[in-house]
Amino acid sequence: MLSSLDCILIGLGACFLIEQIFYWISGSYPYRYGIRVKTVVLPKFDINNLASERKTAPKLGIKVNSNRNEAYLRYRYPPLTIGPYLFVGQIKAINSKWLLHIRIGPLTAIFILFLVVYSLFSFDFKDDLLVQITNILLLIIVIGFFYISLWNPSKRILNIK
């Protein structure tokens, strides 16, 4: 019999997997309405030049939507591999300034937060404190990796200092 925490974990995991499908669709709700992690003002930016920069940044998936005057960024995994997406980027003009918003999908954020809380309140936490702290630190390192894998190529291609 599953405990209520296990049922919540399974439900949030399913929501996370469903949201991963939306990450594949550039311009979907995680790109536009996700939780903002970071906002950067872009100096001297031209959205038309971004489409030509695809070749210089093979680690970024770049899609330009000229109708909405927006661009969408995501990390591209190496060929023949697949993995989860945590962070995506949206570039748009607001009040004649170009802004880069790095976002995380709300269901993804809830799932990750639950993983941290779940490891803190699981029954094994008091029995083996070192293992649980190691698990939390590894989770933070993985989240940092996903953030840096989007931020570094974006910073280089958009000339952000």
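The text that follows walks through the structure, step by step, so that each part is easy to find. All values derive from a computational prediction rather than experimental measurement. Per chain, residue numbering runs from 1 following the sequence as it is written. Whole-chain, interface and lining totals are the exception, using all residues; otherwise, since this is a predicted model, local features are given only for residues with pLDDT of at least 70 and side-chain atom pairs are given and counted only at 80 or more. Water and hydrogen atoms were dropped before computing side-chain values, which therefore reflect all heavy atoms in the structure.

1. A closer look at the pairing of strand β4 (residues 87-94)
Inference 1: What makes two strands pair is DSSP finding at least two bridges between them. Segments assigned H or I by DSSP are reported as helices when at least four residues long, segments assigned E as strands when at least two residues long, and all are numbered from the N terminus. Pairing between strand β3 (residues 70-75) and β4: five bridges, direction antiparallel. Residue pairing across strands places Ala71 opposite Ile91, the latter belonging to β4.
Inference 2: Here eight bridges tie β4 to strand β5 (residues 97-104), and the two strands are oriented antiparallel to one another. By the bridge assignment, Val88 is partnered in β5 with Arg103.

2. Points about the packing of aromatic side chains
Inference 1: The criterion for an aromatic pair is that two Phe, Tyr or Trp rings (for Trp, the six-membered ring) have centres within 6.5 Å, with stacked assigned to planes under 30 degrees apart, edge-to-face to planes over 60 apart and tilted to the rest. Applying the stated rule across the entire model yields nine aromatic pairs.
Inference 2: Geometrically, the ring pair formed by Tyr75 and Tyr77 is edge-to-face, given 5.0 Å between the ring centres and 85° between the ring planes.
Inference 3: Exposure categories follow from relative accessible area, calculated using a 1.4 Å probe and restricted to protein chains: below 20% of the type maximum is buried, above 50% is exposed, and the middle band is partly exposed. Look at Tyr75 and you get buried, because its relative accessible area is 13%.
Inference 4: Centre to centre, the rings of Phe87 and Tyr147 are 5.4 Å apart; their planes meet at 80°, and the pair counts as edge-to-face. Separated by 60 residues along the polypeptide, Phe87 in strand β4 and Tyr147 in helix α5 (residues 129-157) bring together distant segments of the chain.
Inference 5: Exposure remark for Phe87: the relative accessible area of 8% places this residue in the buried category.
Inference 6: Taken together, Tyr23, Trp24, Tyr75, Tyr77 and Tyr85 form an aromatic cluster joined through their ring pairs.
Inference 7: Look at NZ for Lys and CZ for Arg. If either is within 6 Å of the ring centre and within 35 degrees of the ring normal, a charge sits over the ring. In this arrangement the basic side chain of Lys38 is found over the ring face of Trp151, its NZ or CZ atom lying 4.1 Å from the centre.

3. Topic: empty space enclosed by the protein
Inference 1: Cavities and pockets were defined on a 1 Å grid built from protein atoms only: a cavity is a group of points that admits a 1.4 Å probe but offers it no way out, a pocket is an open group of points flanked by protein on both sides within 12 Å along at least five of seven lines, and a lining residue is one with an atom within 4 Å of any such point. Grid points are joined across faces, edges and corners, and a volume is the space filled by probe spheres set on the points. Under the counting rule described, the total for this entry stands at one cavity of 30 Å³ or more.
Inference 2: Here the largest cavity is characterised by a volume of approximately 40 Å³.
Inference 3: Lining the largest cavity we find Tyr75, Tyr77, Pro84, Tyr85, Leu86, Phe87, Phe146, Ser149 and Leu150.
Inference 4: Ranked by the residues each element gives to the lining of the largest cavity, the list is headed by α5, at three residues.

4. Concerning a nonpolar patch on the surface
Inference 1: A cluster of nonpolar side chains, namely Ile18, Ile21, Phe22, Trp24, Ile25 and Ile82, defines an oily patch on the protein surface of about 640 Å² accessible area.
Inference 2: Along the chain, Ile82 falls in the loop between β3 and β4.
Inference 3: By relative accessible area, Ile82 is classed as exposed at 69%. Patch membership is restricted to residues that have no salt bridge and whose relative accessible area is over 30%. Joining uses 9 Å for like charges and 5 Å for the nonpolar side chains Val, Leu, Ile, Met, Phe, Trp and Tyr. Methods summary: accessible areas were calculated by the Shrake-Rupley approach with a probe of 1.4 Å, and residue burial reflects only the protein chains presented. We define a salt bridge as a side-chain nitrogen of Lys or Arg found within 4 Å of a carboxyl oxygen belonging to Asp or Glu.

None of this, on its own, says anything about what the molecule does.
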